[in-house]
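Letter by letter, the chains look like this.
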Amino acid sequence: MNSIEIQGLVKKFTIKKKKEEVFAVNNISFNIKKGEIFGFLGPNGAGKTTTINCITQLSNKTSGKILVNGHDVEKQYREARNQIGLSPQDLTFDPYFTILEILVYQGGYFGMLKKQAQKRAEKLLKQFELWEKRKSRIKQLSGGMKRKLSIIKAMMHKPEILILDEPTAALDVDSRYELWEFIKKLNEQGITIILTTHYIEEAEKLADRIAIINKGKIIKLEEKEKIIEDLSQNKITIYLKEDKKLPKEFNQLNYDYKDKKIIIQTPKKDQNKNLRLALKILEEQKIEIENFSVDQDNLENIFRRLIKNENQN
Amino acid sequence: MKTKTSDWIPFYTLFKREFLRFFKVPNNTIFPQLITVLFYFLIFGIAIGSRIKEVSGVSYFLFILPGLFVQLLINGSYSNPSGSLYVARNFGNITDILLAPISYIQFTLAYIFAGMLRGFFLGLGTIIIAMLFINVSIHHFWILIIYCLLISFVFACFGILVGLWAETWEQLNIFINFVVTPLTFLGGVFYTLDMVSGTIATITQFNPIFYMINGVRYGMIGVQDGNIYLGLIFLVIIASILFMITYKLIQKGYHLRT
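What counts as what
Residues numbered from 1 in each chain as written. Chains lettered and ligands numbered in written order. Predicted model: local features only at pLDDT ≥ 70, side-chain atom pairs only at ≥ 80, totals over all residues. Heavy atoms only, no water. 1 Å grid on protein atoms, 1.4 Å probe; cavity = no way out; pocket = protein on both sides within 12 Å on 5 of 7 lines; lining within 4 Å. Points joined across faces, edges and corners; volume = space filled by probe spheres on them. Helix = DSSP H or I, 4+ residues; strand = E, 2+ residues; numbered from the N terminus. Nonpolar A, V, L, I, M, F, W, Y, C, P; charged D, E, K, R; others polar. pLDDT = per-residue confidence, 0-100. Pairing = 2+ DSSP bridges. Phe/Tyr/Trp six-rings, centres within 6.5 Å; stacked < 30°, edge-to-face > 60°. Buried < 20%, exposed > 50% of the residue type's maximum accessible area, 1.4 Å probe, protein only. Lys NZ or Arg CZ within 6 Å of the ring centre and 35° of its normal.

1. Remarks on the layout of surface pockets
- What the largest pocket holds in volume is close to 470 Å³.
- Breaking the lining of the largest pocket down by element, the ones donating at least two residues are α1 (48-56) of chain A together with α4 (60-91) and α5 (95-98) of chain B.
- Considering every element that reaches the lining of the largest pocket, the biggest residue donor is α1(A), with three residues.
- By residue class, the composition of the lining of the largest pocket is seven nonpolar, 10 polar and four charged.

2. Points about the confidence of the model for chain B
- The predicted model of chain B has a mean per-residue pLDDT of 90, with 98% of residues at 70 or higher.
- Put simply, helix α2 (residues 26-29) of chain B is where chain B has its lowest mean pLDDT, 83, and helix α7 (residues 141-165) of chain B is where it has its highest, 96.

3. Considering the sheet that holds strand β1 (residues 2-15) of chain A
Residue and element names in this part refer to chain A.
- The strand order β2-β1-β4-β5 describes an open sheet built from four strands, whose pairing is antiparallel. Only two strands of the sheet have a single neighbouring strand rather than two, namely β2 (20-33) and β5 (71-72).
- In this structure, β1 lies alongside strand β4 (residues 63-68), joined through five bridges in antiparallel fashion. Counted as the bridge partner of glutamate 5 is leucine 67 from β4.

4. Let's talk about the packing of aromatic side chains
- Inspection of every chain in the model, using the stated rule, returns 33 aromatic pairs over all chains.
- A centroid spacing of 6.3 Å and a plane angle of 85 degrees characterise the contact between Phe11(B) and Phe113(B), whose relative ring orientation is edge-to-face. One end of the pair, Phe11(B), is in helix α1 (residues 9-24); the other, Phe113(B), is in helix α6 (residues 104-131), and 102 residues separate them in sequence.
- Taking relative accessible area as the criterion, Phe11(B) reaches 13% and is therefore assigned buried.
- Given the relative accessible area of 34%, Phe113(B) is considered partly exposed.
- Ring geometry for Phe210(B) against Tyr211(B): centres 5.0 Å apart, planes inclined by 80 degrees, an arrangement best described as edge-to-face.
- Judged by its relative accessible area of 3%, Phe210(B) is buried.
- The class of Tyr211(B) is partly exposed, set by a relative accessible area of 22%.
- Site record: aromatic cluster; members linked through ring pairs are Trp8(B), Phe11(B), Phe15(B) and Phe113(B).
- Over the aromatic face of Trp131(A) sits the side chain of Arg134(A), whose NZ or CZ is 4.2 Å from the ring centroid.

Written out as structure tokens, the structure reads:
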């Protein structure tokens, strides 16, 4: 069962001065499964926010089809919007009202009665430690508080799909960890979460599946573990006791040798095999080693390599 | 987990938000207009009016009341949606509405009705101020109400259109400063057609606001300077056309969605 189905989504903008068409999103198709945390990664301007805007109808798509829990976002826009809560990248709030009033109106926009909305707002404000600020205006909140309020707003109507566009931007470390825990709890309750982030660590910690978008195209979409398994380039470092010339057998490894230190780059799946091979060659050549270490690759490095390779091609 | 959406709560919430917004900033939205009207009454109604003999069988004070009433009705109906939409687009909080399960027709009507209500509020304020000086009785209640509804509807639509179109605060005020205000003054607020001649008389005759003031004046004090029913037909046609344009633009997301 899919929460969101995207088929052949295209969004192009026309730059009037240059009379040029730019594809912000160029024919992408993917599904987001019900109940998963979906990490949506990409460099600035890759098309993440545009895709989200097309899902939420903040942008009109050029072509393609988007279904939210089976509802077409254009033909059945009310049903589709009712399913989604969005905390956008740009923090925007009604400047005329207090925090509590903003949330009660937000509930009302989604069909909640005033009492219902007040109760829900109170619960969320207390949960996010903003209850004391309920009578404040937006300009009296710090950046982190505004970010929290944006998430509360998105959750007011108890959406089945929560889209968090850069949710931890401007949050301090403690708040970030708290939010991560909160996202996990929400997900455990069955809420589908779509997460775009610049903190790859965030996606690595939270996401079940990850899509990487670059220049409007999806360049990778897999289970997180599979991406790490398939694309990790681990680093084996072997420290020699003395500086010696390495035998030609070493050429079958992708290595670098300098100052008694051999650095071997290896795919994660071949790591043990290559380590054994290197140690065997050294032993046969009677080259003594002092120590060795293995550094695991992480999603951030994988992400950077993928984008770099894509941009070079 | 999901809360069921009632069809009309989103509409009612947006309408309420739009109407109450202007009470939050009364020094911008209520008092200046009413104080201006008070001065019009003091200067034109009392100081100058006392030296003018009756116009069309009523005192000059009473004669200018419907015109000033229409001026504030127009001002309120236009300013509420135009200002609110412009600010919401520029602050970005228009996304609250765009993300909500509110239909396009409800979106359009909530802004129109809230604008109309603000227009009526200011119009009522004008009558209350006038009642401090003179007795006001309504001559033809239903004609007055129908005219007021149509006028405020038309200018609330204009307000939405300009609020969607304007990219700067200056553009937002172009319509009210360079179109509505001159046409209101040249629409017979302070004079009847037979008091003027030449260019002013010609402009007045072709001025749609003249027919609006004429209709309200008839409904309020029983004095008319032109055909009441012609004005009504014109207003119904222009209201229908403007509503369709407004609704279509909101549905399309003109200057709302990228």
